[in-house]
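# Remarks on the overall topology
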Amino acid sequence: GGTLCETGKVLKEAGAASVHAFCSHAVFPKQSWKRFNVGGDRACFETFWVTNSIPTVTDALPVEEGIFEVLDLMDLIIHDLDHYGSSATMS
């Protein structure tokens, strides 16, 4: 998280109007997401997109009153299972 935060700060210092982050597999140990949220010491992102690949983490995120947006992977997983699962059984 430190490298991501420092990158965001550098982009803002260089004149970026806004900075957004995306994390495909957000772990956030010990609720470290709080540091990126509004008021946290790493709050430099306008939006922080994460996938729900770790539901126990994303279920705890304050999506209504924070910067986090959770992208649901379920449709993609179902599609891949339907598509690749059926072709794997035919081999």
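Above this text is the structure in question.
Everything quoted here is computed from the prediction, not taken from an experiment.

## Things to note about helix α1 (residues 2-13)
- An ideal rise of 1.5 Å per residue puts 16 Å on twelve residues; α1 measures up with 16 Å between its terminal C-alpha atoms.
- At the C-terminal side of α1, G15 shows a positive phi close to 110 degrees.

## With respect to the packing of aromatic side chains
- According to the stated counting rule, one finds eight aromatic pairs in the structure shown.
- Ring-pair connections join several aromatic residues into one group, and the members of that group are F28, W33, F36, F45, F48 and F68.

## Structural notes on the pairing of strand β2 (residues 47-51)
- Taking burial as the measure, the five residues of β2 include four buried ones, the bulk of the element.
- Sheet topology note: the strand β1 (residues 20-23)/β2 ladder contains four bridges and is parallel. In the sheet register, A21 faces β2, and the bridge partner there is F48.
- Direction of pairing for β2 relative to strand β3 (residues 68-71): parallel, over a ladder of four bridges. Within β3, the position partnered with V50 by the bridge is V70.

## Some remarks on the sheet that holds β1
- Spatial ordering of the open sheet is given by β1-β2-β3, a layout of three strands whose pairing is parallel. The sheet is open, and its two edges are formed by β1 and β3, each paired on a single side. Recorded for the sheet is a direction-independent mean angle of 20 degrees between the axes of neighbouring strands.

## Quick look at the nonpolar core
- F28, F36, F45, F48, V50, I67 and F68 are the most contacted members of the largest nonpolar core, which has 16 residues in total.
- Of all elements in the fold, only α2 (33-36) and β2 reach the threshold of two or more residues within this core.
- Excluding anything up to four places from it in sequence, F48 contacts L4, A21, C23, F28, F36, I67, F68 and E69.

The rules behind these values
Residues numbered from 1 in each chain as written. Predicted model: local features only at pLDDT ≥ 70, side-chain atom pairs only at ≥ 80, totals over all residues. Heavy atoms only, no water. Helix = DSSP H or I, 4+ residues; strand = E, 2+ residues; numbered from the N terminus. Expected span 1.5 Å × (residues − 1). Phe/Tyr/Trp six-rings, centres within 6.5 Å; stacked < 30°, edge-to-face > 60°. Buried < 20%, exposed > 50% of the residue type's maximum accessible area, 1.4 Å probe, protein only. Pairing = 2+ DSSP bridges. Axes fitted to C-alpha atoms, helices over the stretch in contact; angles between N-to-C directions. Core = buried A, V, L, I, M, F, W, Y, C linked by side-chain atoms within 4.5 Å. Contact = heavy atoms within 4.5 Å.

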